[in-house]
Amino acid sequence: MVDYGIKYWSNDDFIIEDGLVKVNYQNKPALLEIVQEIREKGYKGPLLVRFPHLIHKQINQLFNAFKTAIDEYHYKGSFKAVFPLKVNQMPNFVLPLMDCVQGLSYGLEAGSKSELIVAMAYTNANAPITVNGFKDKEMISLGFIAAKMGHHITLTIEGLNELESIIQVAKELGAPYPNIGLRIRLHSTGTGVWGKSGGINAKFGLTSTELLEAIRRLEDSKLLAQFTMIHFHIGSQISDISPLKKAIREVGNIYTELRKMGAKNLTCVNIGGGLAVEYTQHEGENNRNYTLSEFSGDVVFSLKEIVRNKQEKEPDIFIESGRFVSANHAVLVAPVLELFSQEYDEKALRLKENNPPLIAEMLDLYQSVSEKNAIEYLHDSLDHMESLLTLFDLGYIDLTDRSNTEILVHLIIKKVIKLLKHKNHNDIIRIQEQVQERYLLNCSFFQSLPDYWGLGQSFPVMPLDRLNRRPTRSASLWDITCDSDGEIAFDAKKPLYLHDVDVMKEEYFLGFFLVGAYQEVLGMRHNLFTHPTEFSVVFDDDLNKGYEIENLLEAQNILDVLDDLDYDTKEIERILKQRIDDSGISDDDKKEVLGMLYVMLSENGYLRTITKDQ
Ligand SMILES: *Cc1c(COP(=O)(O)O)cnc(C)c1O
């Protein structure tokens, strides 16, 4: 059976059992069961399903991995972390996260004023806040306000001008001050598509010369005692651990040098984010060449070595992993609306009494194809199709003949694939590339998988059921935007096979996994498709079905979407009503049309799936 590479990417969060994808937790409900429960309440279109227990799981793994490494190497510093809000700012992620880290040194990282306000409101008492990115005086003042509230906040300086502003604000607002961090511009370069975060030409950070100058200015303004952290971030989704080790060596040495220069309160090395997530569904296509315990072990060991050589205090280790903490908690479920070649059904044939000889032959091929002659007949039928299409261009056969050709060739291919389904015949693979089935999904890739569109990032995808049946169709996926970029094409090197379903009779859902990092706020409203309807699945042993649906938030309705764009929706309603009033239709019709229109305006813009029960 095809397992969609679940063993590579799911980290045991999800499993396949009884032909269904199940949540591997407590009573192990099937994803399909959860989705159907929501749909029965009338929520159609794509669904974003959150699993707060998976946030908890990641946090536990992270803290346990570092605890193990710290114990193993008898490391003296402690471990602290923050969640970088830019990776997921949604309240239904952030609030459960803050809930499960109570008692841990785990807070939030902010890169803008709005994010800082979220951090100031929701970071638990005594947990850290860090602030990165470019800051004006107002944002720095906000950091001082956080410090006055009692937050353990560190403002990371990206350039000397920011330091100047901090010195000014400190004079104006007085103590208590926030802590100050310095971002290091590394000599060693970053990796991956996000590599611009590191390296000598990086967007962020201080050169060594600027570092020396920063220390001098801090000393002069009596703020050196506030300087507690140095920071770097080599980029997201680090595939190989060696650039990180190199960066740690560089930063470890800077740490010891700065301490020797008198920065006695510098006790913390912040290694940024970058811990990778395994997205691959295919053997040999791994996105990272290390495990979490190798990552934590390498970080702790490297820092220990450097500091020992320089006889300095072992620093606290601080990390800002976002992707690792949030990616797995969310699954996008998209209903399949249509299979485009579904019309190629035997019933659709319009055979004549006298068919052109090649069509008669194709019909014969279709009826007599067997496992033995499958490949030969397949080639014959493709040759016939070529000839028939030429005959059509030359005017020798009509549109009905052409339609029969299309249908017959599809029927033959389907039959051949079925006959040979247990053999990985090269011809079959090649043929499947040519006859992809296009699955139309009720979602927008621009809205829900923007990194697919922007960076070519692929996410694991699989059907929620029928997993005890072998999928036979090579699939390309299409979203409902009218943009040709809204397509995930079939890739013979990383093939996706799906089931042959008749969506007029039965439902078929695809799940996209690991979509909890970066995809939500980055998503765009191309064609005005909005954030999908979302909800959280909260497990509770005491309940009959073992879980509860919480925080259900319906996708925005059409009027609200237009309102967000600053359309005057009252005016839109008035104009539409006027146009109906002015039309020549009867009063009864006017009433009915207006009623229908109002219902649509109050619904979200996704399509309503067309299946048997509607
Ligand atoms: C984006 C970012 C992170 C998060 O990176 P992940 O790869 O998601 O772990 C951490 N720190 C900084 C400074 C960032 O800009």
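Residues numbered from 1 in each chain as written. Predicted model: local features only at pLDDT ≥ 70, side-chain atom pairs only at ≥ 80, totals over all residues. Heavy atoms only, no water.

On to the sheet that holds strand β9 (residues 227-231), then. Strand order in the closed barrel made by the eight strands is β4-β5-β6-β7-β8-β9-β10-β11, with parallel pairing throughout. On average, each strand axis in the sheet is inclined to that of its neighbour by 25 degrees, with strand direction left out of account. Strand direction decides the pairing type here: strand β10 (residues 268-270) and strand β11 (residues 316-319), joined by three bridges, are parallel. When the bridges of β11 are listed, C268 appears paired with D316. The sheet strands contacting helix α7 (residues 160-173) are β7 (152-157) and β8 (179-183), and the helix crosses β7 at an angle near 140 degrees. (Pairing = 2+ DSSP bridges. Helix = DSSP H or I, 4+ residues; strand = E, 2+ residues; numbered from the N terminus. Axes fitted to C-alpha atoms, helices over the stretch in contact; angles between N-to-C directions. Contact = heavy atoms within 4.5 Å.)

Okay, the domain arrangement of the protein next. By the assigned domains, the protein splits into domain 1 (6-50 + 331-339 + 438-537), domain 2 (52-320), domain 3 (346-433) and domain 4 (559-601). On a C-alpha basis, the centres of domain 2 and domain 4 stand 53 Å from each other. (Domains from an automatic or database assignment.)

Relative to the 27 Å expected for 19 residues at 1.5 Å per residue, helix α10 (residues 292-310) spans 28 Å between its end C-alpha atoms, a close match to the ideal helical length. All of the buried residues in α10 are L292, F295, S296, G297, V299, V300, S302, L303, K304, I306 and V307. Turning to α10, the residues buried within the fold contact α3 (52-72), α9 (242-260), β10, β11 and α11 (323-326). After α10 finishes, the residue Q311 shows a positive phi value of roughly 50 degrees. (Expected span 1.5 Å × (residues − 1). Buried < 20%, exposed > 50% of the residue type's maximum accessible area, 1.4 Å probe, protein only.)

Glancing now at empty space enclosed by the protein. Under the criterion given, the structure shown has three cavities of 30 Å³ or more. The volume enclosed by the largest cavity comes to roughly 50 Å³. L48, Q447, S448, V515, Q519, E520, H531 and P532 together form the lining of the largest cavity. Within the residue set of the lining of the largest cavity, elements represented by two or more residues are α16 (445-448) and α18 (519-522). Split by residue class, the lining of the largest cavity holds three nonpolar, four polar and one charged. (1 Å grid on protein atoms, 1.4 Å probe; cavity = no way out; pocket = protein on both sides within 12 Å on 5 of 7 lines; lining within 4 Å. Points joined across faces, edges and corners; volume = space filled by probe spheres on them. Nonpolar A, V, L, I, M, F, W, Y, C, P; charged D, E, K, R; others polar.)

A cluster of nonpolar side chains, contributed by L528, L565 and Y567, occupies part of the molecular surface with about 270 Å² of accessible area. As for its placement among the helices and strands, L528 is situated in the loop between α18 and β19 (533-539). (Patch = residues over 30% accessible without salt bridge, like charges linked within 9 Å, V, L, I, M, F, W, Y side chains within 5 Å. Areas by Shrake-Rupley, 256 points an atom, 1.4 Å probe, with all protein chains shown as cover. Salt bridge = Lys/Arg side-chain N within 4 Å of Asp/Glu carboxyl O.)

Bringing the site of the ligand into the picture now. Looking at the ligand, there are 16 residues lining it, with K86, S236, E320, G322 and Y518 nearest. Within the contact set of the ligand, a nitrogen atom lies 2.7 Å away from a side-chain nitrogen or oxygen of E320. Y518 is positioned such that a nitrogen or oxygen atom in its side chain is 2.7 Å from an oxygen atom of the ligand. If the ligand stood free it would expose 390 Å²; the protein chains cover 93% of that surface. Residues of the shell around the ligand, tallied by class, amount to three nonpolar, nine polar and four charged. (Near = heavy atom within 4 Å. Polar contact = N/O pair within 3.5 Å; in protein donor to acceptor, adjacent residues only side chain to side chain.)

Moving on, we come to a positive patch on the surface. On the surface, K418, K421, R469 and R470 cluster together to form a positively charged patch. Here K421 shows up in the loop between α14 (399-419) and α15 (426-434). (Lys, Arg positive; Asp, Glu negative; His and termini not counted. Charge placed at Lys NZ, Arg CZ, Asp CG, Glu CD.)

Right, let's talk about the packing of aromatic side chains for a bit. Per the counting criterion, the structure on display carries 20 aromatic pairs. The interplanar angle of 75 degrees and the centroid separation of 6.0 Å between the aromatic rings of F144 and Y177 together place this pair among those described as edge-to-face. In this pair, F144 is assigned in helix α6 (residues 137-149) and Y177 in the loop between α7 and β8, connecting sequence segments 33 residues apart. On the accessibility criterion, F144 (1% relative accessible area) is buried. Under the relative-accessibility criterion, Y177 is labelled partly exposed at 31%. Consider the rings of F446 and W453, whose centres lie 5.6 Å apart with planes at 55 degrees: the pair is tilted. The buried category is assigned to F446, whose relative accessible area is 2%. A relative accessible area of 40% means that W453 is categorised as partly exposed. A network of ring pairs unites the aromatic residues F63, F66, F79, Y106, Y290 and F295 as a single cluster. Sitting above the plane of the F392 ring, R402 keeps its charged end 4.9 Å from the centroid. One residue, R438, lies across the ring of F340, its end atom 4.4 Å from the ring centre. (Phe/Tyr/Trp six-rings, centres within 6.5 Å; stacked < 30°, edge-to-face > 60°. Lys NZ or Arg CZ within 6 Å of the ring centre and 35° of its normal.)

As for its placement among the helices and strands, D99 is situated in helix α4 (residues 91-100). Taking the C-alpha atoms as reference points, D99 and H56, separated by 43 residues in sequence, lie 9.1 Å from one another. At 3.2 Å, the side chain of D99 and the side chain of Q102 are in polar contact.

With respect to the element layout, N557 can be found in the loop between β20 (547-553) and α19 (558-564). Apart from the residues within four sequence positions on either side, N557 is in contact with L601, S602, E603 and N604.

The next thing to look at is the side chain of S444. Along the chain, S444 falls in the loop between β13 (437-441) and α16. Using a relative accessible area of 0% as the deciding quantity, one classes S444 as buried. Excluding its chain neighbours within four sequence positions, the residues that come into contact with S444 are L449, D479, T481, F529 and Y606.

What follows concerns α4. Counting buried residues in α4 gives seven out of ten residues, a clear majority hidden from the surface. Among the residues of α4, N92, F93, V94, P96, L97, M98 and C100 are the ones counted as buried.

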